[in-house]
Amino acid sequence: KVIIGYVVGFALIVLGIWQMKKSRKNLGHMLLGGSIPVLMLTTFAMHQLYNISGPTVAFILNIIWIAIGVFLTYKYRSQGIGIVAIVGGVFVPFLIKSTSPNIPLFSLYETVLFTVFLWIAIKYSYKALYYISVIFF
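A brief structural summary. (Residues numbered from 1 in each chain as written. Predicted model: local features only at pLDDT ≥ 70, side-chain atom pairs only at ≥ 80, totals over all residues. Heavy atoms only, no water.)

1. Observations regarding the packing of aromatic side chains
Thought 1: Across all of its chains, the model carries 10 aromatic pairs by this definition.
Thought 2: Relative to Phe106, the ring of Phe94 has its centre 5.9 Å away and its plane inclined at 70°; by these criteria the two rings are edge-to-face. Of this pair, Phe94 sits in helix 4 (residues 79–95) while Phe106 sits in helix 5 (residues 103–123); the two residues are 12 residues apart in sequence, bridging distant segments of the chain.
Thought 3: On the basis of relative accessible area, Phe94 is assigned to the exposed category, the value being 57%.
Thought 4: If you follow Arg77 out to its NZ or CZ, it ends over the ring of Tyr74, 5.1 Å from the centre. (Phe/Tyr/Trp six-rings, centres within 6.5 Å; stacked < 30°, edge-to-face > 60°. Helix = DSSP H or I, 4+ residues; strand = E, 2+ residues; numbered from the N terminus. Buried < 20%, exposed > 50% of the residue type's maximum accessible area, 1.4 Å probe, protein only. Lys NZ or Arg CZ within 6 Å of the ring centre and 35° of its normal.)

2. Details of unusual backbone geometry
Thought 1: Within the chain, Asn51 stands out as a residue other than glycine whose phi angle is a positive 50°.
Thought 2: A relative accessible area of 54% places Asn51 in the exposed class.
Thought 3: A positive phi is found at Arg77, a non-glycine position, where the angle reads about 50°.
Thought 4: The residue Arg77 is located in the loop between helix 3 (55–76) and helix 4 in this model.
Thought 5: Take Arg77: its relative accessible area is 42%, and that puts it in the partly exposed class.

3. Digging into the side chain of Ser78
Thought 1: Mapping Ser78 onto the fold places it in the loop between helix 3 and helix 4.
Thought 2: Residue classification places Ser78 among the buried positions, given a relative accessible area of 4%.
Thought 3: Side-chain polar atoms of Ser78 contact the backbone nitrogen of Ile81, separated by 3.3 Å.
Thought 4: Ignoring anything within four residues of it in the chain, the contact list for Ser78 reads His29, Thr73 and Tyr126. (Polar contact = N/O pair within 3.5 Å; in protein donor to acceptor, adjacent residues only side chain to side chain. Contact = heavy atoms within 4.5 Å.)

4. Here's the deal with the nonpolar core
Thought 1: In this structure, Tyr6, Leu32, Met40, Ile66, Leu113, Phe117 and Leu129 are the most contacted members of the largest nonpolar core, which totals 31 residues.
Thought 2: The dominant element in this core, judged by the number of residues it contributes, is helix 3, at 7 residues.
Thought 3: With residues up to four places along the chain from it excluded, the contact list for Tyr6 reads Leu39, Thr42, Thr43, Met46, Leu61 and Trp65. (Core = buried A, V, L, I, M, F, W, Y, C linked by side-chain atoms within 4.5 Å.)

Okay, here's the thing in structure tokens:
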């Protein structure tokens, strides 16, 4: 089930890029934006439901998925992808099962996430992304 989840997530990225090349911008953005939550939920299932990975691996994978979301937002100038990525990114620490919470790491992660998306929102004048970043911070 986990492998299928990752295959679907990466297939959505490939299909999204293909749709962008075919000048189907809105469909491409939707597919690219949808890949981020699929990858994050698959990582959540792998970690929480099936106990395949520990909290460190799950956290690193989720950071990679958010980084892909930042890259896709920046590359395709898509506010929608950015919104999906930041909403998912805010909930990453809550999707990780940990016996000893690390408050400094949590604070650093949330601050860096907010700063990156705030910078993108200001750079490209994405009002909705700006407001969502501020509200979730």
